[in-house]
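Letter by letter, the chains look like this.
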Amino acid sequence: MTIVASAIEALPIPASLLGESPLWHPREQVLYWCDIPGRALNRWDPVAARHDAWEFETDVACCAAREAGGLLLALRTGVVAFDPATGQRTPRADAPYDPSTERFNDGKTDPQGRFWAGTIYEPRDPPDAALYRLDGDRMTRMQDGITNSNGLAWSPDGRTMYWADTRGHRVQALDFDGATGGVSNRRTFVQFPLKQDGQDLAVYGGRPDGGAVDAEGCYWAAMFEGARLVRISPQGETVGTLALPVRCPTMACFGGPDLRTLYITTSREKRPADELAREPWAGKVLTVRVDVPGLPAVLARD
């Protein structure tokens, strides 16, 4: 069914090339997000209507709020602790892969505050991307066998982890052990139809990129090239669709004081000129109010 929501708006700031990893900071009450190829971290303060940005020397894939203050950032070259107030960057863990062919992609903290980040294997074949967990000063390989790691999220009870294989058009579910940070019983949660050669994008439903979970346990998948978000029940059934005015949403997060404002990052990188002409909000952060709140981001206890 179509999700009935308030009017979709765009934040009044410049577009990103590839916006990703929106994070509503539970302490600061501001939004952070990354522009991966733009090599930038962004922040939006909705009360002050202020936009700040920090540039980096390499791709900035994802971010998480730290319990100790500041953020964790997964860069192509590794994970760093970043202080937005001073600009200080403290290395935490080297990249556990060859940065010439692989980079970090989607990442989040689990319910206990452990930081997880997956990768994208840029040659696409073989499927050499993986999912890692930050353990002290190193990244531990936890899952592999895909090309593009995306869609990390956890159920409200913390017992299920969701993980998307974007190229495979699949969202997977895994049993999650909060005490140890272990995962098991990897299985298909929902499988979307694969894109066919020459398929018209008007009939293509898209492939799952970033994900988020709401307070009712439903998983929201950003469908890249599908111009929509889909809301999926804990049983794996699509229970709602939110149509968007841009072709390539990348991820959503719940924010605002009541966690009922949906912030949606989008992409304009390498999109056709005629598509961009029709979609002036491509690359912007979109906002929309929804009825069901989301789950608050967990501070990283790194």
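Owing to the predicted nature of the structure, the values given are computational and were not obtained by experimental measurement.

A. Structural view of the overall build of the protein. Secondary structure summary: the protein contains one helix and 24 strands in total. Relative to a compact globule of 302 residues, whose C-alpha radius of gyration would be 19 Å, the protein shows 17 Å and is just as compact. Principal-axis analysis of the C-alpha atoms places the extent of the protein at approximately 45 × 45 × 40 Å. Within the protein, the proportion of its 302 residues that are buried is 58%. Within the protein, contacts between residues at least 6 apart in sequence are counted, and of these 48% link residues at least 24 apart. When the accessible surface of the protein is totalled, it reaches about 12,300 Å², and 48% of it is carbon and sulfur.

B. Structural view of the environment of Ala-49. Among the structural elements, Ala-49 can be located in the loop between β4 (40-45) and β5 (50-55). Of the residues examined, Ala-49 reaches a relative accessible area of 52% and is grouped as exposed.

C. Expanded view of the environment of Glu-225. If you trace the backbone, Glu-225 turns up in the loop between β19 (219-224) and β20 (228-232). For the pair Glu-225 and Ala-202, spaced 23 residues apart in the sequence, the C-alpha separation amounts to 9.3 Å. Polar side-chain contacts of Glu-225 include one of 2.9 Å to the side chain of Arg-271.

D. Quick look at the sheet that holds strand β17 (residues 182-191). Spatially, the four strands line up as an open sheet ordered β14-β15-β16-β17, and their pairing is antiparallel. The strands lining the two open edges of the sheet, one partner per strand, are β14 (149-154) and β17. Within the sheet, the average angular offset between the axes of one strand and its neighbour, ignoring direction, is 25°. Here six bridges tie strand β15 (residues 160-165) to strand β16 (residues 170-177), and the two strands are oriented antiparallel to one another. Within β16, the residue paired with Thr-160 across the bridge is Asp-175.

About the cut-offs
Note on numbering: residues in each chain are counted from 1, in written sequence order. Note on the predicted model: pLDDT of at least 70 is required for a residue's local features to be given, and 80 or more for side-chain atom pairs to be given and counted; whole-chain, interface and lining totals, by contrast, use all residues. Each side-chain value is derived from all of the structure's non-hydrogen atoms; neither hydrogens nor water enter the calculation. The helix count covers DSSP runs of H or I at least four residues long, the strand count covers runs of E at least two residues long, and both are numbered beginning at the N terminus. Radius of gyration here is computed from C-alpha atoms only, and the compact-globule reference equals 2.2 Å multiplied by the residue count raised to the power 0.38. Exposure classes here rest on a 1.4 Å probe applied to the protein chains alone. A residue is buried below 20% of its type maximum, exposed above 50%, and partly exposed in between. Should any heavy atoms of two residues lie within 4.5 Å, those residues are counted as being in contact. Residue burial considers only the protein chains on display, and all accessible areas are found by Shrake-Rupley using a 1.4 Å probe. Two N or O atoms form a polar contact when they lie within 3.5 Å of each other; inside protein one atom must be a possible hydrogen donor and the other a possible acceptor, and for residues adjacent in sequence the pair counts only when both atoms belong to side chains. Following DSSP output, two strands are said to pair if at least two bridges run between them. Axis lines are fitted to C-alpha atoms, over the contacting stretch for helices. Their N-to-C directions set the angle, which ranges from 0 to 180 degrees.

Nothing here speaks to function; it is geometry throughout.
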